[in-house]
Each structure stands twice: as C-alpha cells, then as structure tokens.
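Each chain is listed here by its residues.
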Amino acid sequence: MGGCGGRRRRRLGALLLLLLLAGLLLRRYYSFLPVVSEACANDVQQRRANHRRSPLFKPMFNWSSLIPLQLWGRTLGLQTEDSKFLLEGVPFRIFGGSMHYFRVPREYWRDRMVKMKTCGLNTLTTYVPWNLHEAARGKFDFSGNLDLEAYLTLAAEVGLWVILRPGPYICSEWELGGLPSWLLQDPDMQLRTTYKGFTEAVDAYFDHLMARVVPLQYKKGGPIIAVQVENEYGSYAKDPDYLTYVKMALLDRGIVELLMTSDNKDGLSSGYVEGALATINLQKVDSTLLIYLDTIQQKKPKMVMEYWTGWFDSWGGPHNIFDADDVVNSVEEVLKMGASINLYMFHGGTNFGFMNGALDFDEYKPDVTSYDYDAVLTEAGDYTSKFFKLRQLFSKIIGQPLPLPPVVTGKASYGTVQLPQYLSLWEALPYIVEPIRSEFPVNMENLPVNDGNGQAYGYTLYETVITGGGQLHSRDHIRDRAQVFVNTLFIGYLDYNTVELSVPEGQGFRKLRLLVENCGRVNYGLMLNEQRKGLIGDVFLNNTPLRNFKIYSLEMKPGFIESLRGFTAWSTVPDYAMGPAFLRGNLQVQYLPRDTFLKLEGWEKGVVFVNGKNLGRYWKIGPQETLYLPATWLKPGNNEIIVFEERIPGWIIQSLDLPYLGRTHYID
C-alpha cells in the first residue's frame, strides 16, 4: 500500500509539474498580449464605466494597465471618440517614438526599445522598406535584420504598442522612398498612382507583407494598434484615386485596426482619405496647425505623427542640430493642447550600404550615411540631453517614476588601421565581372543583370573606344556623378553641374571610360519617376553620340566582395597610389568587440566594407567624418577592411571611440 501511495503521490506531483509548465508556456505564448499588470482587468472595466458615465472625464496618464502583456478578451482596439483616443474603451494618449529595424543591428533592437520605454513612451512607430523586402521581383526576404515579425513581437515584450507604416512609399530619407528600383524598368511607370504596373507590384508585395503583420494586430492579440495609409501623399497627390486604392489594399488583406494618414500642413487636404484619421507632421509648433486639422475632420483626436526632433544631413552641408530645450518645450506644448505625439526620430540609426536617399528641389543633394538625425538617442544608441529632459517631462505627465534607463555600452578606440594591400579596379575588372555589350548606353535599372531585375545601387562602368579628342558633352544624361578616364588617365568629372569636359588628343585607339555612381535616389518630392541611374541617354564627343559600349555592373554585393578576397593580384600600396582601387587591411580586436567609429582622414570618396558588410559611403566634403561600425559586425581577432576609393586613397584608417559628424548648424 505504501508503494502504491508513493506512486500516486509521484503521479500527482508529475501532473502538477505538467500543469505548471503548461501555465508557463501559455504565459510565454501570450507574453505580447496587452495587459492589466498593476490594476488587473477589473480596473480597465471600471475605467470604461467611469468614462461612459462622465462625458467630461479627464484622461489619466498612468497607463500601467494598458501595456502589451496579458489582457484577455480584447475587442475594441484603438478608437476615436469625440476628441479622444480610446484603447479598449479607456481614454488613451499616444506617446510614440520612431525607430526603424532596418537601420539598427538586430542585436540592438531590445536595447533601443527599452530606452524608449524608460523615456516614458508607450508606442513604437516604424516604416517598412519594400526595396529591402523585395529587392528582386517576386523574391521576398523577412529574415535576419529584416525579420519584421520578430521586431514587432519584441516591441510587445518590452511593453510598447506599435503604429505600423507599411507604405508602399515611406520617404524616410531612404533610397527611392523605399520603392524597389526594378519598378523603373517600365519606361511608362507612374509611381504612387493607380497605374496598373505599379498597383500589380504593390498587390503582390502586400499579399506577402500583410500575411505577416495581420496576426500581430491588437484585436488578434498583437501590439499593432494603428496602420498608416501610404505616407505624406498630400505632397505628391498625382492621382485622386490612389489613397483609396491603398486603403482598400490594406482592408482587403485583413487590416482591422485604426487607419491613419500623415502629412505636413500643405498636404493635409489632399493627403486625407475617408475612413482614416488625418495626422500632421511638424517641427515648429503652432496652435493654428492643430486647429487646422478640425477643418479636415471634426471632433477627432489630434496627433502629431512626426514631431521632428532633429533633421537629416546632406553631403556638402552642415550637421543639423535642433536645440534640446526647444524640443522639450515644443513637445510639452503639443501635449498641453491635448494632442498625441510621435517623436521622429527617437533613434535614427544608419543608412548602411547604398541606401541613403536624396532631395532634388532645383539642386540634387544626396544624404549622408549617418541617420543620427540629432535624435533622442545618438546613431550608436547613446543618450542625449534630449533623452533626459524628455524623460523628466513624460515622468511628470504620467505621474509616476519611470524605470531606470539601461547602462550605456562602452565604445572602443582600436587605434590606427593600416591598409597595406592594393588592387586597381582596372586590373581586377576582367576577372570579377563579365561586361555587357550594347550599341547604346543602358541605364542601371535596365541592365540584364540580377535575374532580370537590373542594377539597383553602386557603380556602373561604361567603356567605349575613341580615336581622337575633343569636347565630351553629357547633355545632362549622367546620374549622378561620373569619373571620366582615357585608358587609365583621369581627366575629370561629369555631374548635374558639370556637363562638358575636354578630352585630350591622342594617337590610335583609346578607351574612354565613364565610372558612374548612383549617389542615392530621391526619396521625396515630384521627381520619383525620374530616378533612373547610370547613363540615361546619349553622351556626345564632338556632337557625335558615343556607341558600342562595354558596360560593367559594379553593384558591390557581398558576393562581389567575396570574390576580391581570393584574388591573387593584390600588391603593396604603391607610393603614388590612385583610384579607382581597392585597399585592404585588418582591424585587430583583442577581446569582446565594442562599437567604434572609423575616420578616413586623407581619403577622398568611396565605400567601406568590414568583414564583407557594406558600412556606407564617405566623402571628404563632409559633413560626416566618421562611419559608425557596430560591435555586432566585428569579431575577436582579425577583421578585414576593404575600402573602395574612387580617387585618392589615404594610408590609414583611425578607429575612434567618438563620432565626428561635422560642423554643426542649429535649426531655427
């Protein structure tokens, strides 16, 4: 009997253990469901009742019972009632911050989100870049740093709601506003309209994207409380039917949460669509701007979807700064008006690779690699005075202490890095890429490469044969910047401002070479359809169009850089080294890697690759002087650095523990 009793007790104990484990698994499974953590579900019900009884109910700002953890049976979602937001029937204010997963190494997502939470924010906003998720037509990538589902689930675990801004156009100082360049293969393409070629591509993309995000909506247990319809369409407004098309594309694929639009003042009236809440973007607060929203939509809550905490930088300009006290005063003013707010950016990150955007309002201006933005957190995720001042403000408004911010991770100065190995582009060319032969010049997007998707980024070399000299004229067909060579002799640049160049006379047949760089497609304005790159038309020598080209696509993808590693023609850097050329060296890391910043003083213009990853562009004209190198891209021991220098290489690179983003300019 004692043995049987012992067995029963053991069975009972095992059963209890299984129930406990099941409970823990369920808790983990529902760990991203919103929550009543301090006051329990009854408190939410009571607050709903209070709100219904009193139309003059003054919203509380302590939303400890409304964070993404464990709220069961939710049905209402984010709603608009009179001039208030309601979340599950309870008055709610959005304190948001923008951070883009594609600009921040995945290993740092949680750190940045926790910092957002400890600043007093309750909502994360993020764009979704179509050109990364579908870089080639019909081939979708949501892995690694592009794992959007993991990003959104992590936000919920941290305790942040999400406003999703899926585009298809996102602006964001991002290459072509997030649109894939293969769309421009169609000579009649009309981006951001109901043109059939565009909507068919959007439909195929949304089929894949929405299948991933629909299960993460609030009413399905996820963190997404609102979804934005396109982005700042009022500043484009080429098709009155377009926003309705995008809205229906979202609804038809299962989006059930609150829809929003986002525009600056001038675009509000033409950027609004029935069935979505209009929001405004601004930096200087003017009460008339929020009042103006009432002319678009009456008795609706007001929201500043983008309060610009800083600004982006362009090559050749200054590093833009927005005063911390001005930021805090403006945020406080918006909140005193009863509006919700989203800080754009809370954390900017980096335009790694060739993904920076550009502006073209009378003058083409490409953006720098850094997207520091003078945001609340720095490019490397460190605190700024804006963070602490905003944290103090939000803590006062919420009425309770905020969690302590995470400890800042140290940065490293790895000293001087020598690059003793040298490989001229001209020597490498026959071995690393097969030329395309064409009688006429072909723009990047229409080159027969990448399985028919054309070339998206990087450089293209156009080579033809000439028998004499004279005047070379681009007829403004260079996009965006070309180095011109006769054989290997550099003779000058052609770009938007310089369209004519003298070619020296010479004997016999010579190679005329134009190395053309796509410096970044425009991301904002009315020039989106004009963003084909490379040679977009004929170039003339003595009024005769050049013909019979060899065209080399130099997109510099990881496979291209890998092919350089095994190349046997690397030599010691010559005393008078000139570009275009690759230079190679090693950065030594003795212990666990830490973030660092690479300074290329004495170099002219080019691109840096670390362990095969494209860190981004540098350019001596500034303002940016250092490139951010995250620790996650490094490993203990040797770390290979390859620099593609267009013109004049330096001898060394410095690894510093502080960034230098250039001379500053305070935004008035």
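Refer to the structure printed above.
Now for a look at the structure at hand. (Residues numbered from 1 in each chain as written. Predicted model: local features only at pLDDT ≥ 70, side-chain atom pairs only at ≥ 80, totals over all residues. Heavy atoms only, no water.)

**Quick look at the overall build of the protein chain**
Within the protein chain one finds twelve helices and 39 strands. Residue burial in the protein chain is summarised as follows: out of 668 residues, 59% are buried. A sequence separation of at least 24 residues applies to 79% of the contacts in the protein chain between residues at least 6 apart. Here the protein chain displays about 26,800 Å² of accessible surface, and carbon together with sulfur accounts for 53% of that area. (Helix = DSSP H or I, 4+ residues; strand = E, 2+ residues; numbered from the N terminus. Buried < 20%, exposed > 50% of the residue type's maximum accessible area, 1.4 Å probe, protein only. Contact = heavy atoms within 4.5 Å. Areas by Shrake-Rupley, 256 points an atom, 1.4 Å probe, with all protein chains shown as cover.)

**Notes on the pairing of strand β37 (residues 637-645)**
Counted residue by residue, β37 has seven buried out of nine residues, so it is predominantly covered. Note: strand β32 (residues 581-589) against β37, nine bridges, orientation antiparallel. The residue of β37 that forms the bridge with N586 is E640. Here strand β34 (residues 605-610) pairs with β37 via five bridges, running antiparallel. Residue pairing in the sheet places G606 in a bridge with E645 of β37. (Pairing = 2+ DSSP bridges.)

**Focus: the environment of D252**
Considering the arrangement of structural elements, one finds D252 in the loop between α7 (242-251) and β10 (258-263). Considered as a pair, D252 and D207 are 45 residues apart in the sequence and their alpha carbons are 9.9 Å apart.

**Digging into helix α3 (residues 109-118)**
By the burial criterion, the buried members of α3 are W109, R112, M113, K115, M116 and T118. Contacts from the buried residues of α3 go to β6 (95-99), β7 (123-127), α5 (148-158), β14 (340-347), α10 (385-398) and β36 (626-629). G120 sits one or two residues past α3 and shows a positive phi near 105°.

**Description of the sheet that holds strand β23 (residues 481-486)**
Taken in spatial order, the six strands line up as β19-β30-β20-β26-β23-β24 in an open sheet, and their pairing is antiparallel. This sheet does not close on itself; its edge strands, each paired only once, are β19 (436-438) and β24 (489-494). Adjacent strand axes in the sheet meet at a mean angle of 25°, parallel and antiparallel pairs treated alike. For β19 and strand β30 (residues 549-554), the ladder comprises three bridges, and the chain directions are antiparallel. By the bridge assignment, I436 is partnered in β30 with I551. Across the sheet, helix α11 (residues 425-432) is in contact with β20 (459-466), β23, β26 (510-517) and β30; its angle to β30 comes to roughly 90°. (Axes fitted to C-alpha atoms, helices over the stretch in contact; angles between N-to-C directions.)

**Considerations on the packing of aromatic side chains**
Evaluation of the coordinates by the stated rule reveals 40 aromatic pairs. Relative to Y242, the ring of F198 has its centre 6.2 Å away and its plane inclined at 45°; by these criteria the two rings are tilted. Of the two residues, F198 sits in helix α6 (residues 196-213) while Y242 sits in helix α7, which places them 44 residues apart along the sequence. Under the relative-accessibility criterion, F198 is labelled buried at 0%. The buried category is assigned to Y242, whose relative accessible area is 0%. Measuring from ring centre to ring centre gives 5.3 Å for Y371 and Y373, while their planes differ by 50°; the resulting arrangement is tilted. Here Y371 falls in the buried class, since its relative accessible area comes to 2%. With relative accessibility at 3%, the residue Y373 sits in the buried group. Chaining the aromatic ring pairs together yields one cluster made of W130, W182, F198, Y205, F206, Y233, Y236, Y242 and Y245. The ring of Y236 carries the charged tip of R192 above its face, separated from the ring centre by 4.7 Å. (Phe/Tyr/Trp six-rings, centres within 6.5 Å; stacked < 30°, edge-to-face > 60°. Lys NZ or Arg CZ within 6 Å of the ring centre and 35° of its normal.)

**Notes on the side chain of S262**
Of note, S262 is situated in strand β10. Here R165 takes part through its side chain, which lies 3.5 Å from a polar atom of the side chain of S262. Those residues within four positions of S262 in sequence are excluded, and the remaining contacts are R165, Q228, N231, E232, Y233, T279, N281 and M305. (Polar contact = N/O pair within 3.5 Å; in protein donor to acceptor, adjacent residues only side chain to side chain.)

**Examining the pattern of salt bridges**
Using the criterion set out here, one finds 33 salt bridges in the structure. One salt bridge in this structure joins D147 and R106, with 3.5 Å as the shortest N-O distance. You can see D147 sitting in the loop between α4 (130-133) and α5 and its partner R106 sitting in the loop between β6 and α3, a full 41 residues away along the chain. Using a relative accessible area of 17% as the deciding quantity, one classes D147 as buried. (Salt bridge = Lys/Arg side-chain N within 4 Å of Asp/Glu carboxyl O.)

**Considerations on the sheet that holds strand β3 (residues 78-81)**
Read across the open sheet, the three strands follow the order β3-β4-β5; overall the sheet is antiparallel. This sheet does not close on itself; its edge strands, each paired only once, are β3 and β5 (90-92). If you compare each strand with its neighbour and ignore which way they point, the axes differ by 45° on average. Sheet analysis places β3 next to strand β4 (residues 84-87), joined by four bridges and oriented antiparallel. Note that in β4 the partner of Q79 across the bridge is L86.

**Concerning the packing of α3 against α5**
With their axes 10 Å apart at the nearest point, α3 and α5 run at an angle of 40° to one another. In terms of orientation, α3 lies oblique with respect to α5. The two elements α3 and α5 cross, and the hand of that crossing is right-handed. Facing α3, whose interface residues are W109, R110, M113, V114 and K117, α5 presents A150, Y151, L154, A155, E157 and V158. Taken together, the residues of the contact of α3 with α5 sort by class into eight nonpolar, no polar and three charged. (Parallel < 35°, antiparallel > 145°, perpendicular 65-115°, else oblique. Left-handed = near helix turned anticlockwise from the far one by under 90°. Nonpolar A, V, L, I, M, F, W, Y, C, P; charged D, E, K, R; others polar.)

**A few points about helix α9 (residues 324-336)**
Helix length check: α9 (13 residues) gives 18 Å between terminal C-alpha atoms against 18 Å at 1.5 Å per residue, within 8%. Looking at α9, one finds that the buried residues are A324, V327, V328, S330, V331, V334 and L335. Buried residues along α9 cover an arc of 165° about the axis, so they all sit on one side. Where the residues of α9 are buried, they touch β6, β12 (303-308), β14 and α10. The N-terminus of α9 is capped by D323, whose side-chain oxygen sits 3.0 Å from the backbone nitrogen of D325. (Expected span 1.5 Å × (residues − 1). Arc of directions from axis to C-beta.)

**Some thoughts on the pairing of β10**
Burial of β10 is extensive: six of the six residues sit out of reach of the surface. Burial along β10 is two-sided: L258, M260 and S262 facing one way and L259, T261 and D263 facing the other are all buried. Judged from the four bridges that link them, β10 and strand β11 (residues 277-282) form a sheet pairing that is parallel. The partner of S262 across the bridge, within β11, is T279.

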